[in-house]
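# A closer look at the structure
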Number of protein chains: 2
Amino acid sequence: MTKARVVIEGLTPQVDCGRFPARRVLGDTVSVEADVLADGHDAVAASVLYRHESEAQWHGMPMSLIGNDRWQGQFTVQTLGRYLFTVEAWVDHLESWRRGLAKKHEAGQDIELDLQQGAALALAHAGRMSGPDARRLREWAHALTNRTRDGDERVLLAQSEALHELARRSPDPLLVHRAEPPLAIEVDRRRARFSSWYEMFPRSAASRSGGHGTLADVETLLPYVASMGFDVLYLPPIHPIGEVERKGPNNRTGAAPGDPGSPWAIGSREGGHKAVHPSLGTLADFRRLLASAGAVGIEIALDIAFQCAPDHPYVREHPQWFLKRPDGSVQYAENPPKKYQDIYPFWFECDDWQALWAELKSVFDFWIAQGVRIFRVDNPHTKPFAFWEWVIGEIRRAHPEVILLSEAFTRPKVMYRLAKLGFTQSYNYFPWRNSKREIIDYFTELTSRPVCEFFRPSLWPNTPDILTEYLQFGGRPAFVTRLILAATLGASYGVYGPAFELVESRPRESGSEEYLDSEKYQQRAWNRDDPASLKDLITRVNRIRRENPALQSDAALKFHSMDNEALIAYSKSSGEDAVLAVVNLDPHHAQSGWVDLDLAALGLPADAPYQMDDLLSGARFLWRGPRNYVVLDPWGTAAHLFRIRRKVRTERDFDYFL
Amino acid sequence: MTKARVVIEGLTPQVDCGRFPARRVLGDTVSVEADVLADGHDAVAASVLYRHESEAQWHGMPMSLIGNDRWQGQFTVQTLGRYLFTVEAWVDHLESWRRGLAKKHEAGQDIELDLQQGAALALAHAGRMSGPDARRLREWAHALTNRTRDGDERVLLAQSEALHELARRSPDPLLVHRAEPPLAIEVDRRRARFSSWYEMFPRSAASRSGGHGTLADVETLLPYVASMGFDVLYLPPIHPIGEVERKGPNNRTGAAPGDPGSPWAIGSREGGHKAVHPSLGTLADFRRLLASAGAVGIEIALDIAFQCAPDHPYVREHPQWFLKRPDGSVQYAENPPKKYQDIYPFWFECDDWQALWAELKSVFDFWIAQGVRIFRVDNPHTKPFAFWEWVIGEIRRAHPEVILLSEAFTRPKVMYRLAKLGFTQSYNYFPWRNSKREIIDYFTELTSRPVCEFFRPSLWPNTPDILTEYLQFGGRPAFVTRLILAATLGASYGVYGPAFELVESRPRESGSEEYLDSEKYQQRAWNRDDPASLKDLITRVNRIRRENPALQSDAALKFHSMDNEALIAYSKSSGEDAVLAVVNLDPHHAQSGWVDLDLAALGLPADAPYQMDDLLSGARFLWRGPRNYVVLDPWGTAAHLFRIRRKVRTERDFDYFL
């Protein structure tokens, strides 16, 4: 029971009734909205309260009504980690009085009693304040009821916004209602939202053909990666690789001597998740690579794959962490009838699960201590949700700058759950969304509430596991199209190279998405200077991304109509910057059509020309009105990336016009 | 930290994150859904847990997967009041094992070890059970590993649904996750959903012209109301009416002697909210009316209007419940610059608010003690939300059969909040939704989640306060159309009579929705036998409602396309019963067009005829396919109410066909 008459509903941003935080990046302005309702016709007032988790005191920001009982306020997040926020509201008698007084005065009614009522309210506010503020409200009250002053003058004084603003700081605490419990915002650094990833197997980094690449070889390739404009270099696991049940090239059972095996079969007598594979180098080499990468603006992302080869030291040292079969052997990974005898999963339901969790956390801690701040997590959907929530919470408590990319190609709700639990970025279904309808539907879902509040997609045209049919059959134009889609639909994207820029499109077998002679099981020699390489296009696209804030967030993605199913048009905006992409999805034929722009959404005039600068080709077009013609040829200009220049000079700009 | 690997999301039905119950009526089957997720590829299982608030033990019902990780289960509500429910889920190792075993066996793999694993799992389940159930599982385990038995036979045994069903009753408690806290369902009696209201002023019930009607006169009119098929008779306030500042006919200030005043200006020296107006009769008369009404299947609904005339006894006995102006006078109701000096609102923010709440509750208690179980609450949106939540909770704890109709014509979120707080039915914007687009949009909102979970609309074409322009200018056809819309779009509806059936359409002044010579301020003499009365149509419509379960709920409302903006088509279904309404919204002209039925939604064949029986006219039509022609004349057949007869005989029904 309470006599506070105001209620608060529909507080946003909110994920799963507050069970999870919404995610933002440093410097973001968080817009908070809520429905604030009271009985009757009285005015209400509301404030956003917010604080960083590390602060003891709440900060308040007044909210304003945006219509239909919905109020809005905002605050800016300046510190990494967790913020809390809520809304406080109350019936604002002084404001109700002000409004009523004005209407009565206009209607010519006697307002002497009303002025006395207002003075009493002002004095009540003064009684809850001290010092000069209280004095100002008291003086106001006296002036309102001073009959030696003119009535009109006192009605004007009653409307003083400054004094009402002052009084609003001290509502009657018995009438204030606060939404409980507060909601949370998790703040990441800006690279969590805007990043360009390049994946590379160190084993294939050797400068001399046939040799096993090393971390030092990777170091020599940093200028190559940096020149293309990538800012994250992701390495598959760099740990010792199991020798028991090792796989040969093209995933053959029974490796031959010298076959390097899969880097995801982690652990051998040479060490486990905290060791560096001797063929790649030493921990010192790794730290030097980190430093060299940092010097050219690149962060190294490490792979975390929580599973073991049969000869991983954990299997011997902690047998209780692995499920035993009735014959005493360790249960290998299975997806019946398939068997993966080279991989032992951890048994998360074992009695010693707490020690297992702690050890796995120590793997993160170890690499964080080496300087790593970005992790790509392999198959997180095959480890318990509760583990991820705990371990990510622990990691980010000490290191809120850590970024984790979830590699969970699984059912949609499981992928979303992992993001809610704390993964900063997520792989997603982009590789298989190729038609216009598929792309519009999927990216509308990803950029709408609730998904956009917690899930940050990272768009990969290819990975070592995914060579899509679109890439297999579409030739070079397919690679161009998918690159441009990934880099402009997604503020974060990545490619697995050099397979990508060298247009590697041979599958292991028909119907498979596996690469032929995949680097997962063998070294590959790549000709990075191949004149057919897409590296110049990649360089240009990444520069366009850096120069256009519109492409650095997915918040304002908008699709525009086109009358050709093979052509897709979408825009992104950020402040003054606006980019329109028009892409030919057909890798085989030239396509043409009319794009029908939503001019109002782009802030473009309905009846004046505007300039479209194609950032890919350098060409410039003068458009006017919503409908404009486009022709795109997969072997020539396969896409336009227009920067929209809203203001074009016309004769009307001259003084003498009119 | 927990090692339970399953999580539960998106539990429905759910209102405002569980802050409020969803509403159902007695006998309803509640469909519960939830997303159940676990890591990896293991099978999961889930149960609905439910109990009436008065029960100590949960009941369990197994759920089944309906796709995309969503599970569904159900239970039936058999008791009035509050039910609680939640979902429990767990990783089902035995089920994972069963599926894997079948695949391995099919692939010809050796499954002896797998049978041992399954036997161990079965024994674990047995260990958590007792008696014959435990014994059955133990025997099963032994049979699975009995090598004297054939392998195929044991694989078959492993699939036994009966034994799996048994085992599923005893999951490992360490692996079980339960969604907390439980959610609530509030169960009303069936009349909360399906009711036909008739509003009547007792003051105009007199059989002799010019006399003040009495409760005894109302009693004599019961057969008239019952014959039309209404089951709720709602009376405006029957209490003594204030004499101070009393209003005269047509809301004139300054009543003449003999003017009866507004029944909503409650209280005089003759008593307040617990008294009967002496001109109407006595409390004994009221109890006799209740009994007589009950005998003809009618419930009496009483008006609860928490406000006072200046001479209400409360003003003298509890002055602390009213806000004082600076001159010591009591603050009357205001909507500046309008003043309502005949009405004193309660001051809910007074220091004595708890005593005020208790007294107001005692008003309900008093009339419940007389036998009233339905209340129409006047302007609940001008009394605090917290009060309503408390008082309705208290009333329904003792009398869960009580129905409360909220009369809050105010902003949409306030109306919804009141419903969430416990009002059983609600007035709404139906009176002002006249065009096809308005009707489709509004009723789609009302019958979709989340609104349909807590808000039950009651549709009134008119009230003593609302004579819409549509009725003022549309003549008799407008009354016919609005009656049919109210009675078929809404499982609950009502009319204010005899103004409605006698097609009273004169406003007090142009642009006003007030009736001329409104019964709110004077007696009226009505000719209930007027041959122009709509009573026969009302009688027929109410009979159609009683005979068609489809019209007794709003859950399955569906709009169908029509190519004429003046014609609207919608269906409702319940089990085998399906009704299609086609209504001409134009009260001035005949309109024709093609209705385009969603045959699949109606369970109709695409390529066979079906019969449409017009329940209003008795005419029968044979339709085929989705598109069918309709012509409706406002002065003839203004609407069709078809019962859809899905099965029509054709020559194919004969044995010799083919």
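Criteria and cut-off values
Residues numbered from 1 in each chain as written. Chains lettered and ligands numbered in written order. Predicted model: local features only at pLDDT ≥ 70, side-chain atom pairs only at ≥ 80, totals over all residues. Heavy atoms only, no water. Helix = DSSP H or I, 4+ residues; strand = E, 2+ residues; numbered from the N terminus. Expected span 1.5 Å × (residues − 1). Buried < 20%, exposed > 50% of the residue type's maximum accessible area, 1.4 Å probe, protein only. Contact = heavy atoms within 4.5 Å. Buried area = accessible area lost by both parts, 1.4 Å probe. Salt bridge = Lys/Arg side-chain N within 4 Å of Asp/Glu carboxyl O. Pairing = 2+ DSSP bridges. Right-handed = clockwise from strand over helix to strand, strands pointing away. Polar contact = N/O pair within 3.5 Å; in protein donor to acceptor, adjacent residues only side chain to side chain. Least-squares fit on C-alpha atoms with pLDDT ≥ 70 in both. Axes fitted to C-alpha atoms, helices over the stretch in contact; angles between N-to-C directions. Parallel < 35°, antiparallel > 145°, perpendicular 65-115°, else oblique. Left-handed = near helix turned anticlockwise from the far one by under 90°. Nonpolar A, V, L, I, M, F, W, Y, C, P; charged D, E, K, R; others polar. Domains from an automatic or database assignment. Patch = residues over 30% accessible without salt bridge, like charges linked within 9 Å, V, L, I, M, F, W, Y side chains within 5 Å. Areas by Shrake-Rupley, 256 points an atom, 1.4 Å probe, with all protein chains shown as cover.

## Brief notes about unusual backbone geometry
In this structure, the amide linkage connecting T12 of chain B to the following residue, P13 of chain B, adopts the cis form with an omega of 0 degrees. Along the polypeptide, P13 of chain B turns up in the loop between β1 (6-12) and β2 (22-25). Between R449 of chain B and P450 of chain B the backbone carries a cis peptide bond, its omega angle lying at 5 degrees. Relative to the elements of secondary structure, P450 of chain B occurs in the loop between α12 (436-446) and β21 (458-459). Even without glycine at this site, N250 of chain A takes up a positive phi of about 55 degrees.

## What to know about helix α13 (residues 469-489) of chain B
Under the 1.5 Å per step criterion, the end-to-end length of α13 of chain B is only 20 Å for 21 residues, more than 12% shorter than the ideal 30 Å. Among the 21 residues in α13 of chain B, 17 count as buried, and that is most of the element.

## Considerations on the interface of chain B and chain A
Facing 59 residues of chain B, the contacting portion of chain A comprises 59 residues. Taken together, both faces of the contact between chain B and chain A bury some 5,300 Å²; the carbon and sulfur share is 57%. Per-residue buried area on chain B facing chain A is highest for M1, E349 and K413 of chain B; these three make up 14% of the total on that side. There are 14 salt bridges connecting chain B and chain A. Where K413 of chain A meets D35 of chain B, a salt bridge forms, and the shortest distance between an N and an O atom there is 2.6 Å. Elements supplying a minimum of two residues to the side of chain B that touches chain A: β1, β3 (29-38), α1 (93-106), α2 (112-127), α9 (353-370), α10 (385-398) and α11 (412-421) of chain B.

## Describing the pattern of salt bridges
What the rule picks out here adds up to 120 salt bridges over all chains. With a closest N to O distance of 3.7 Å, D529 of chain A and K535 of chain A form a salt bridge. Residue class for D529 of chain A comes out exposed when judged on its relative accessible area of 61%. Here E453 of chain B makes a salt bridge to R449 of chain B, at a shortest N to O gap of 2.8 Å. Residue R449 of chain B is classed as partly exposed on the basis of its relative accessible area of 48%. One continuous salt-bridge network, built from bridges that share partners, spans R23, R82, E186, D188, R396 and R456 of chain A.

## Points about the pairing of strand β19 (residues 403-407) of chain B
Residue and element names in this part refer to chain B. Counting buried residues along β19, five of its five residues qualify, which places the element largely inside the surrounding structure. Judged by which residues are buried, β19 turns out to be covered on both faces: I403, L405 and E407 on one side and L404 and S406 on the other are all buried. Sheet topology places strand β18 (residues 374-378) next to β19; five bridges connect them, and they run parallel. Each residue of the ladder has a partner; that of F375, found in β19, is L404. You can see the chain leave β18, run along α10 and come back into β19, and the turn it takes is right-handed.

## Quick look at the environment of T148 of chain A
All names here are of chain A. With respect to the helices and strands, T148 occurs in the loop between α3 (131-144) and α4 (151-158). Sequence separation between T148 and I440 is 292 residues; the distance between their C-alpha atoms is 70 Å. At 2.5 Å, the side chain of T148 forms a polar contact with the side chain of N146.

## Some words on the relation of the copies chain B and chain A
Applying a rotation about an axis and a shift along it to one chain copy brings it onto the other copy. Superposing chain B onto chain A takes a rotation of 180 degrees combined with a translation of 0.0 Å along the rotation axis, leaving an RMSD of 0.1 Å. Interpreted geometrically, this transformation is the action of a two-fold axis. Residue C17 of chain B of chain B places its C-alpha closer to the rotation axis than any other residue of that unit, at 2.8 Å. Both copies present the same face, since 100% of the interface residues in chain B are matched by interface residues at the equivalent positions in chain A.

## With respect to α9 of chain B
Residue and element names in this part refer to chain B. Helix length check: α9, at 18 residues, gives a terminal C-alpha distance of 26 Å against a target of 26 Å (1.5 Å per residue), a fit within 8%. Restricting attention to buried positions, one finds in α9 the residues W353, L356, W357, E359, L360, K361, S362, V363, F364, W367, I368 and Q370. Those residues of α9 that are buried are in contact with α7 (283-295), β15 (299-304), α8 (313-317), β18, α10 and β19. Where α9 ends, the next residue or the one after it, G371, has phi of about 115 degrees, a positive value.

## Section: the packing of helix α1 (residues 93-106) of chain A against α4 of chain A
All names here are of chain A. As a packed pair, α1 and α4 sit with axes 10 Å apart at the nearest point and diverge in direction by 150 degrees. It follows from the interaxial angle that α1 and α4 lie roughly antiparallel. Seen from above, α1 lies across α4 with left-handed handedness. Facing W97, R98, L101 and H105 of α1, the residues of α4 in contact are D152, V155 and A158. Looking at the contact of α1 with α4, its residues break down into four nonpolar, one polar and two charged.

## Some words on the sheet that holds strand β21 (residues 403-407) of chain A
Residues and elements named next belong to chain A. Strands sit in the order β22-β21-β20-β15-β12-β11-β24-β23 across an open sheet of eight strands; the sheet is parallel. For this open sheet the edge positions go to β22 (425-426) and β23 (458-459), each flanked by a neighbour on one side alone. Relative to strand β24 (residues 492-496), strand β11 (residues 195-199) runs parallel, the two sharing five bridges. Among the inter-strand pairings, E199 is bridged to a residue of β24, identified as Y496. Where helix α14 (residues 535-547) meets the sheet, it contacts β11 and β24, and its direction lies at approximately 165 degrees from that of β24.

## A look at the domain arrangement of chain A
Size of an interface, as often reported, equals the accessible area lost when the parts are brought together. Splitting chain A by domain gives domain 1 (1-92 + 172-188), domain 2 (94-170), domain 3 (190-306 + 353-544) and domain 4 (552-657). Distance from the C-alpha centre of domain 1 of chain A to the C-alpha centre of domain 4 of chain A: 39 Å.

## So, the sheet that holds strand β11 (residues 195-199) of chain B
Strand pairing in a sheet relies on backbone hydrogen bonds, with the paired strands running either antiparallel or parallel. Residue and element names in this part refer to chain B. Taken in spatial order, the eight strands line up as β20-β19-β18-β15-β12-β11-β22-β21 in an open sheet, and their pairing is parallel. The open sheet is flanked by β20 (425-426) and β21, the only strands paired with a single partner. For β15 and β18, the ladder comprises four bridges, and the chain directions are parallel. Paired with D303 across the strands is R376, a residue of β18. Of the strands in this sheet, β21 and β22 (492-496) are in contact with α13, which crosses β22 at around 150 degrees.

## Structural notes on the pairing of strand β8 (residues 81-91) of chain A
The two faces of the sheet receive side chains in turn, since in a regular strand these alternate between them. Residues and elements named next belong to chain A. Burial analysis of β8 places ten of its eleven residues in the buried class, the great majority of the element. In this structure, strand β4 (residues 44-52) lies alongside β8, joined through nine bridges in antiparallel fashion. The residue of β8 that forms the bridge with V48 is V87. Judged from the five bridges that link them, β8 and strand β10 (residues 183-188) form a sheet pairing that is antiparallel. Within the sheet, the bridge partner assigned to L84 lies in β10 and is A184. Sheet analysis places β8 next to strand β9 (residues 176-178), joined by three bridges and oriented antiparallel.

## Concerning a nonpolar patch on the surface
Taken together, the side chains of W594, Y629 and V631 of chain A define a hydrophobic patch exposed on the protein surface, amounting to about 310 Å² of accessible area. With respect to the secondary-structure elements, Y629 of chain A resides in strand β31 (residues 627-632).

## Remarks on the packing of α13 of chain B against helix α14 (residues 535-547) of chain B
Residue and element names in this part refer to chain B. Close contact between α13 and α14 brings their axes to 11 Å; oriented N to C, the two are set at 15 degrees. Here α14 runs roughly parallel to α13, going by the angle between their axes. The hand of the α13/α14 crossing is right-handed. Taken together, the residues of α14 that come into contact with α13 (itself represented by V480, L483, I484 and A487) are L537, I538, V541 and R545.

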